[in-house]
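# What the coordinates show
For reference, the chains in residue letters:
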Amino acid sequence: MTLFTQFFLQYFRSSFKDRPILLCATSAIFSITPMSLTKIFNKNFTFFLILGLFLSFKAQSQEIDLLLKGGHVIDPKNGINEPYDIGISGKLIVKVAKNISEDTAKKTIDLEGYYVTPGLIDMHVHVFNGADTESYIANALTSLPPDGFTFRSGVTTVVDAGSSGWRNFRQFKKQTIDQSKTRVLALLNIVGTGMYGRLEEQDVTDMNPTMTANMIKKMFPDILVGIKSAHYWGDFTQVDLAVTAGKLADVPVMVDFGEHQPPNSIESLFMEHLRPGDIFTHTFSYGPKNRETIVDEALKVKPFVFEAQKRGINFDVGHGGGAFSFRQAIPAIQQGFLPNVISSDLHSQSMNSGFKDMANLLSKFMNMGLTIEEVVLRATWNPAQVINRKDLGHLDVGAEADIAVFTLRKGDFGFLDIRRTKIDGDRRLETEMTIRSGKVVWDLNGLSVPYWESEFK
C-alpha cells in the first residue's frame, strides 16, 4: 500500500472512530488490494476525495442528538425570555441560540408556541417512601416515590426536606435516591431518626450537630445540601442545634417553626437565631395559635419580615396539605413581599388537596399577580442558589440537559388553598414535556415521537 493510500486510510479511521457504520464502510473501501486501490486512486482520486469529505462533513455536522426548536425560552439565570433553540448531545446542553439549523441535529422537536424552562427544582418534598406503618414520614407511606410525581409537572430535581436524619439517611439513599431517575437531594434532619414521629422529634438527646455535620461534609456532600429543623414543641433549642450543625457543615438550615403554644417569635427567629442564607418554610401558613404569621390580622405584612428578607433570610412556600392560605399570600404579594422559592411540600396528604402539582402551584402564583418569569425564577435558579447547587436551574451550555416544556392555557380556572377557599384565574400552566439528563421522560401529547403509520414506511 502506498504512503498516499495509508494517509487516507488513517484519515478516515480517525474521522469516523466514534461512528461505527462509517468506519466499517471506510474499511471496506480500503480492503481492496493495494494494486487495485492504486489504480482506483489514479483514475478516481477526485471522486473519492469529494466522497470522503462529504461523509466526514455530514457525520460531524450532526453533532446535536436532540434539537428543541422555536420554543419561548425562559432562563432567568441567563436573562433569556424569547424564542430560542436548544441543542442537546448526550446528557448535556451543547448549544443555545437562535435559528440552529436542523441539518446539525439527528432529531428535532418543534416547540413553537410552547414555553421552555430549566427543569424545575422542588426544594421541599418528602420522598423517603417506605412501608413502616408506625412512622409518619421517614420510610413511611406518607412519603412518595419521586418519579411518579415529578416529571409530569416539569420537575427534574427535588430536595427532601428532612425526612431522614443521620441514623437512617443511608437507608433512604439506598432505597429511594439510588433508584430514582429524578435527581434527589436532601436536607438532613437535626433529629437522628428524622421525621419518624412527633414524639421522637422532641428528643433533644438525638439532636447531634457533630454527627449530622459529619454525614453531610464527610460522607455525602454531593447529595446532602442542608439541615432541617421541624415540628419542635419547645423553645429555640432545636433551631440552635440545627444552626450549629449548619455552621459545622457550611450548609443552610430550613426551619418549620410551627406547633409552639404559645407561638415563638418569628422576629427573634429571623434576626437572632438564623443566619443569612437560612430558610423559613411554610411562609404563608395561617395557624396563629401554633405559629406566628407574617401577615397580621389587619392583613398587613409585619415590617420586620421585609427586613429579614433584606438580611438574607430565604422565604420558602412549602405549600403542603396544611401550610398555605390565601389570607396570608394575597395581602403579602399585594404589598410587595414575594417568596424567594416556590415549593410544594409534596407528600401523600398534600397532593390531592389545595396543592395539585408544581405546574398548578406556579399557575396559582401567576393568578395572584406574579409573571411567568417571576414564578420560573422561584422554581429554578433561586432554589439552586439557596442550596448552593449552581450547576442546576439554568440552561447554560455544558449543563446537564434538564428541561421542562409548558403550555400556557387561557380560560376560566379555580385555585384552592388548604383552608378550602379559592381564587379564580384565567391562565394555567400545563406540563407538555420533561427532559431529564437529555432523555424525554414525560411527553403528554407525543411531541417527541412520530405517528404510528411511520412503522410501515
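Preceding this section is the structure that the text describes.
These lines cover the structure that appears in this document, whether it is placed above or below. (Residues numbered from 1 in each chain as written. Predicted model: local features only at pLDDT ≥ 70, side-chain atom pairs only at ≥ 80, totals over all residues. Heavy atoms only, no water.)

### Quick notes on the pairing of strand S2 (residues 80–89)
Just so we agree on the cut-off: Strands are labelled as partners when DSSP assigns at least two bridges between them. Secondary structure follows DSSP: runs of H or I at least 4 residues long count as helices, runs of E at least 2 residues long count as strands, and numbering of each begins at the N terminus.
Relative to S2, strand S1 (residues 66–75) runs antiparallel, the two being bridged by eight bridges. Residue Leu-67 lies in a different strand from S2, and its bridge partner there is Gly-87. The hairpin formed by S1 and S2 contains four residues between the paired strands, and Gly-79 there has a positive phi angle of roughly 65°. Pairing geometry for S2 and strand S3 (residues 92–97), over five bridges, is antiparallel. Counted as the bridge partner of Ile-88 is Ile-93 from S3.

### Looking at the side chain of Ser-135
Inclusion rule: We call a residue buried when its accessible area falls under 20% of the maximum for its residue type, exposed when it is over 50%, and partly exposed in between, using a 1.4 Å probe and counting protein chains only. Two N or O atoms count as a polar contact when they lie within 3.5 Å, although within protein this holds only if one can serve as hydrogen donor and the other as acceptor, and sequence-adjacent residues are included solely when both atoms are side-chain atoms. When checking whether two residues touch, look at their non-hydrogen atoms; a contact exists if any pair is within 4.5 Å.
Relative to the helices and strands, Ser-135 is located in the loop between strand S6 (120–125) and strand S7 (155–165). Since its relative accessible area comes to 10%, Ser-135 is described here as buried. A polar side-chain atom of Ser-135 sits 2.5 Å from the main-chain carbonyl oxygen of Ala-138. Apart from the residues within four sequence positions on either side, Ser-135 is in contact with Ala-140, Met-195 and Tyr-196.

### Considerations on the sheet that holds S7
What the seven strands build is an open sheet, ordered S6-S7-S8-S9-S10-S11-S12; its pairing is parallel. The open sheet has two edge strands, S6 and strand S12 (314–315), and neither has a second partner. One ladder, built from two bridges, connects strand S10 (residues 253–256) with strand S11 (residues 279–280); its direction is parallel. Bridge pairing links Val-255 to Phe-280 in S11.

### Notes on the packing of helix H5 (residues 209–219) against helix H6 (residues 237–249)
What counts is decided by this rule: Angles run from 0 to 180 degrees between N-to-C directions of axes, and those axes are lines fitted to C-alpha atoms, restricted for helices to the stretch in contact. The handedness criterion is simple: a crossing whose near helix is rotated anticlockwise from the far helix by less than a right angle is left-handed, and one whose near helix is rotated clockwise is right-handed. In the scheme used here, Gly and all other residues not listed as nonpolar or charged are polar, with Ala, Val, Leu, Ile, Met, Phe, Trp, Tyr, Cys and Pro taken as nonpolar and Asp, Glu, Lys and Arg as charged.
Running from amino to carboxyl end, H5 crosses H6 at an angle of 35°, the nearest separation of the two axes being 8 Å. Where H5 crosses over H6, the handedness of that crossing is right-handed. Residues Pro-209, Thr-210, Thr-212, Ala-213, Ile-216 and Lys-217 of H5 pack against Leu-241, Thr-244, Ala-245, Leu-248 and Ala-249 of H6. Looking at side-chain class alone, the contact of H5 with H6 contains seven nonpolar, three polar and one charged residues.

### A few points about the packing of aromatic side chains
For clarity, the threshold we go by: Two aromatic rings, drawn from Phe, Tyr or Trp (for Trp, its six-membered ring), form a pair once their centres lie within 6.5 Å of each other, and the interplanar angle then sorts them: stacked below 30 degrees, edge-to-face above 60, tilted otherwise. Should the NZ of a Lys or the CZ of an Arg lie within 6 Å of a ring centre and within 35 degrees of the ring normal, that charge is described as sitting over the ring.
Under the counting rule described, the total for this entry stands at 16 aromatic pairs. Relative to Phe-172, the ring of Phe-169 has its centre 6.1 Å away and its plane inclined at 85°; by these criteria the two rings are edge-to-face. In this pair, Phe-169 and Phe-172 both sit in helix H4 (residues 169–175), three residues apart, roughly one turn of the helix. Relative accessible area serves as the criterion here: at 0%, Phe-169 is assigned to the buried category. Exposure remark for Phe-172: the relative accessible area of 0% places this residue in the buried category. Among the aromatic residues, ring-to-ring pairing joins Phe-270, Phe-280, Phe-284, Phe-304, Phe-306, Phe-315, Phe-324, Phe-326, Phe-337 and Phe-365 into one connected group. The aromatic ring of Trp-381 is capped on one face by Lys-77, whose charged end is 5.6 Å from the ring centroid. Arg-327 extends its terminal NZ or CZ atom over the ring of Tyr-286, reaching a point 3.9 Å from the ring centre.

It is worth stressing that arrangement in space is one thing and function is another; only the former is reported here.
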